Amino acid sequence: MHDVVIIGGGPAGLTAGVYAARGGLKTLICEEKIIGGQIVLSYEVENYPGFPQGISGMELIENFTKQAEKFGVETSYEGVKSIEEDRECKSVYLTNGSCIKTKTVIIAAGASANKLGCPGEKKFTGKGVSYCATCDGAFFRNKTVAVIGGGDSAIEEALYLTNLAKKVYIIHRRDRLRAIKILQDRAMENKKIEFIFNSVVKEIQGDKLVNGLLLENRKTKELNRLDIDGVFIYVGVTPNTAFVADMIKLDENGYIITDDKMETNIEGIYAAGDIRVTPLRQVITAAADGAIAASSAQKYIESKF
Ligand code: NAP
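Residues numbered from 1 in each chain as written. Predicted model: local features only at pLDDT ≥ 70, side-chain atom pairs only at ≥ 80, totals over all residues. Heavy atoms only, no water.

A. Just the state of the cysteines, in detail. According to the stated counting rule, one finds 1 disulfide in the structure shown. Between C89, a cysteine without a disulfide, and C99, which holds the nearest cysteine sulfur, the sulfur-to-sulfur distance is 8.0 Å. (Disulfide = S-S within 2.5 Å.)

B. Region of the structure containing the sheet that holds strand β9 (residues 144-148). Sheet architecture is open: 5 strands sit in the order β8-β15-β9-β10-β11, paired in parallel fashion. Each edge of the open sheet carries a strand with a single partner, namely β8 (129-130) and β11 (193-196). Strand direction decides the pairing type here: β9 and strand β10 (residues 167-171), joined by 5 bridges, are parallel. Bridge pairing in β10 places A146 opposite Y169. Packing of helix α4 (residues 152-161) onto the sheet brings it into contact with β9, β10, β11 and β15 (230-233), and relative to β9 it is tilted by some 170 degrees. (Pairing = 2+ DSSP bridges. Helix = DSSP H or I, 4+ residues; strand = E, 2+ residues; numbered from the N terminus. Contact = heavy atoms within 4.5 Å. Axes fitted to C-alpha atoms, helices over the stretch in contact; angles between N-to-C directions.)

C. Structural view of the packing of aromatic side chains. Across all of its chains, the model carries 6 aromatic pairs by this definition. Relative to Y160, the ring of Y43 lies with its centre 4.3 Å away and its plane at 35 degrees, an arrangement referred to as tilted. Within this pair, whereas Y43 is found in the loop between β2 (27-30) and α2 (57-70), its partner Y160 is found in helix α4, the two being separated by 117 residues in sequence. Residue Y160 is classed as buried on the basis of its relative accessible area of 13%. (Phe/Tyr/Trp six-rings, centres within 6.5 Å; stacked < 30°, edge-to-face > 60°. Buried < 20%, exposed > 50% of the residue type's maximum accessible area, 1.4 Å probe, protein only.)

D. Layout of the domain arrangement of the chain. What the domain assignment reports for the chain is domain 1 (2-113 + 237-304) and domain 2 (129-233). Centre-to-centre separation of domain 1 and domain 2, based on C-alpha positions: 32 Å. The interface is formed by 4 residues belonging to domain 1 together with 7 residues belonging to domain 2. Taking both sides of the interface into account, the surface hidden between domain 1 and domain 2 amounts to around 570 Å²; carbon and sulfur atoms contribute 53%. The largest per-residue losses of area from domain 1 upon contact with domain 2 belong to L41, Y43 and E46, which jointly make up 72% of the total buried on that side. There are 1 salt bridge connecting domain 1 and domain 2. One salt bridge in this structure joins E46 and R186, with 3.1 Å as the shortest N-O distance. Summed over the shared surface of domain 1 and domain 2, the number is 3 residue pairs in polar contact (both at pLDDT 80 or more). (Domains from an automatic or database assignment. Buried area = accessible area lost by both parts, 1.4 Å probe. Salt bridge = Lys/Arg side-chain N within 4 Å of Asp/Glu carboxyl O. Polar contact = N/O pair within 3.5 Å; in protein donor to acceptor, adjacent residues only side chain to side chain.)

E. Inspection of unusual backbone geometry at higher detail. Of note, N142 is a non-glycine position whose phi angle comes to about 60 degrees, a positive value. For N142, the position within the fold is in the loop between α3 (133-136) and β9. What makes N142 exposed here is its relative accessible area of 55%. The backbone phi angle of M262 is positive, close to 75 degrees, even though this residue is not glycine. Examined against the element boundaries, M262 turns out to sit in the loop between β16 (237-239) and β17 (269-271).

F. Examining the packing of helix α1 (residues 11-22) against α2 more closely. The contact between α1 and α2 brings their axes to 8 Å, and the two run at 25 degrees. When the axes of α1 and α2 are compared, the pair comes out roughly parallel. α2 is crossed by α1, and the crossing has left-handed handedness. Contact with α1, carried on its side by P11, L14, T15 and V18, involves I61, F64, T65, Q67 and A68 of α2 and no other residues of that element. For the contact of α1 with α2, a count of residues per class yields 6 nonpolar, 3 polar and no charged. (Parallel < 35°, antiparallel > 145°, perpendicular 65-115°, else oblique. Left-handed = near helix turned anticlockwise from the far one by under 90°. Nonpolar A, V, L, I, M, F, W, Y, C, P; charged D, E, K, R; others polar.)

G. Spatial organisation of the site of the ligand. Lining the immediate environment of the ligand, one finds 17 residues, of which D152, E156, R174, R178 and Q282 sit closest. Within the backbone of G150, a nitrogen or oxygen atom sits 3.0 Å from an oxygen atom of the ligand. In the environment of the ligand, an oxygen atom lies 2.7 Å from a nitrogen or oxygen atom belonging to the side chain of R178. Within the complex, 75% of the 910 Å² of free accessible area of the ligand lies under protein. Grouping the constituent residues of the shell around the ligand by class yields 3 nonpolar, 8 polar and 6 charged. Each of domain 1 (2-113 + 237-304) and domain 2 (129-233) contributes no fewer than three residues to the shell around the ligand. (Near = heavy atom within 4 Å. Areas by Shrake-Rupley, 256 points an atom, 1.4 Å probe, with all protein chains shown as cover.)

Take a look at the structure:
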């Protein structure tokens, strides 16, 4: 039997792994996609303490992973279908049909990028529609691109794209950005960026590849076509909680409710990182959640087993 099964290998899950395994617990991380979570898509992380020059999301995660491996964390690249509570322990059912018995579970499965849901989005994904500027930005060297959204991700990635594209439109549905001020100021000062406010994408248009957007001004209802070569969509995220929705208490937006020990409504099941109700979703807060969850799991095991 495992002491801790951690669902998700992003900053929260990897940090929980470091703390649990370093504390002598038999620890397994289940990650169905790639280790690292959303942060591996970030070209540069500027606000994680200890790296005054900044560090790429990928490099930061490589360091997290090395540290977890050093303390003996095991990894399974299988998705988790469901969790069940037995009398003495928890059963974690994997997508390959197998079942892992564990004393505690830490849910750190993060969140996934939202889709716009407009015509053309699905058809042109990978053909000019992207959700990752770091991955796909290089295809748009000296071209014109649009970024949809007004949050930190949209503005940060638009700034990154100015290193490659000749022109970057930021299209936002309101006239005020949600992003933090330092990012807003940088974007406003950048000559390659042009804002189109109060506008929504009605259709992503193209032939074989994307060649334009049909935009609607939300105030005047006027429709306009904008010629572009690529579109990067950053319209928020949704927590990956569907697989536990029938047993774990969620808020109205689907985020897991925890107490300050990261414990959910079920004893011995914890949540950490972007998946839980929290006032700040950053690498540093995800890592801190992971550390608290692992320490709580250790105390629970010591008191129960
Ligand atoms: P977010 O903060 O939820 O912002 C999403 C943006 O997309 C908002 O501007 C929203 O508009 C817009 N939007 C949502 N649905 C839309 C739709 N259907 N059509 C058009 N626009 C739509 O999401 P995020 O930027 O991905 O950030 C997620 C979390 O990660 C946040 O907590 C953020 O602070 C954090 N983060 C931090 C950093 C950093 O610190 N460096 C970097 C990236 C992300 P409204 O403003 O009108 O709602």
